[in-house]
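Structural overview for review
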Amino acid sequence: MQKKNELSFKDLKTYCPTSKFHFETTEELEPTDKGIGQERGIVALEFGLNVDVNGYNLYVEGPTGVGKTMYTKNYLNKISKRKKPPCDWCYIYNFDNPNEPIALSLPAGQGAEFQDAMESFIKDVKADINKTFNNEDFEKEKALIRQEYEQKRSILLEKLNQESMKHGFEVKTAQNGIYMMPIYEGRTLEEEEFNKLDASVKQQFEEKSTIVQEQIMSVISEIKRT
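Residues numbered from 1 in each chain as written. Predicted model: local features only at pLDDT ≥ 70, side-chain atom pairs only at ≥ 80, totals over all residues. Heavy atoms only, no water.

As for the overall build of the protein chain
Along the backbone of the protein chain there are six helices and five strands. Listed by position from the N terminus, the elements making up the protein chain come as α-α-β-β-α-α-β-β-β-α-α. Whereas a compact globule of 226 residues would reach a radius of gyration of roughly 17 Å, the protein chain reaches 41 Å, over 25% beyond that. Taken along the three principal axes of its C-alpha coordinates, the protein chain extends 120 × 65 × 40 Å. Taking all contacts inside the protein chain whose residues are at least 6 apart in sequence as the whole, residues at least 24 apart take part in 36%. When the accessible surface of the protein chain is split by element, carbon and sulfur atoms take 53% of a total near 19,500 Å². (Helix = DSSP H or I, 4+ residues; strand = E, 2+ residues; numbered from the N terminus. Rg over C-alpha atoms; globule rule 2.2 N^0.38 Å. Contact = heavy atoms within 4.5 Å. Areas by Shrake-Rupley, 256 points an atom, 1.4 Å probe, with all protein chains shown as cover.)

A short note on the pattern of salt bridges
According to the stated counting rule, one finds four salt bridges in the structure shown. Ionic pairing is found between Glu163 and Lys166, a salt bridge with its closest N-O pair at 3.4 Å. (Salt bridge = Lys/Arg side-chain N within 4 Å of Asp/Glu carboxyl O.)

Describing the packing of aromatic side chains
Per the stated rule, a full pass over the model turns up seven aromatic pairs. Each ring, one from Tyr184 and one from Phe205, has its centre 6.5 Å from the other, and the planes form 70°; the classification is edge-to-face. A residue pair is termed long-range when its members are at least 10 positions apart, and Tyr184 in strand 4 (residues 177-184) and Phe205 in helix 6 (residues 199-225) qualify at 21 residues. On the accessibility criterion, Phe205 (9% relative accessible area) is buried. (Phe/Tyr/Trp six-rings, centres within 6.5 Å; stacked < 30°, edge-to-face > 60°. Buried < 20%, exposed > 50% of the residue type's maximum accessible area, 1.4 Å probe, protein only.)

Remarks on the layout of surface pockets
Estimated volume of the largest pocket: approximately 540 Å³. Along its surface, the largest pocket is lined by 16 residues, and Leu49, Val51, Asp52, Ile79 and Lys83 are the ones closest to its centre. Breaking the lining of the largest pocket down by element, the ones donating at least two residues are helix 1 (39-49) and helix 2 (68-80). Per element, the largest residue contribution to the lining of the largest pocket is three residues, and it comes from helix 2. When grouped by side-chain class, the residues that make up the lining of the largest pocket number nine nonpolar, four polar and three charged. Estimates place the volume of the second largest pocket at around 240 Å³. (1 Å grid on protein atoms, 1.4 Å probe; cavity = no way out; pocket = protein on both sides within 12 Å on 5 of 7 lines; lining within 4 Å. Points joined across faces, edges and corners; volume = space filled by probe spheres on them. Nonpolar A, V, L, I, M, F, W, Y, C, P; charged D, E, K, R; others polar.)

Remarks on the side chain of Asn94
Turning to its location among the elements, Asn94 is positioned in the loop between strand 1 (88-92) and strand 2 (102-106). In this structure the side chain of Asn94 is engaged in a polar contact, spanning 3.2 Å, whose partner is the backbone nitrogen of Asn97. Contacts of Asn94, omitting those with residues within four sequence positions, involve Glu100, Pro101 and Ile102. (Polar contact = N/O pair within 3.5 Å; in protein donor to acceptor, adjacent residues only side chain to side chain.)

In structure tokens:
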């Protein structure tokens, strides 16, 4: 026995008789640019889009599939034909502050031309750089600069070593920097040998090491400036 409020499967399905349609296929129909059942929304949208004042924005919201996006685009296309084309806006790199691109306003249509010109410019610059840094003259110049740098560096290090020996240390270089080794009785000492020296002798070396460290830092700064 069916309950009072219980629905049958027939009550849950809507039938649309074909006799209501006066066409063979939908290709015979004229397209509509109106949103179905959105008359108030359309009035509000058209009013908002015709407010020609800076600082106003529109937010369109509604159920999916009612045509809000389609109608908005169609209406904008229609009214844009009656208005002056807006300026093109390009955002260019800000070398002073990379997080804040620079907004560049250009007359309508010139934004794409500017983009094409910049792409062509970058392409030409890359080709010029490759050509410049791969030719024989550049390699010779680079080798000459490297040779001059190494000569200056060697002179500075030799002078540093001469000064450090006056305080009982020999200066040596490695890939990770410059270090010094104490000289005792005519030979350099490893750390293990240094630790076996009398406390008074180690104290003398530690006092003089401060002077040598300052000399090393001064030479490193001078090398960076060459």
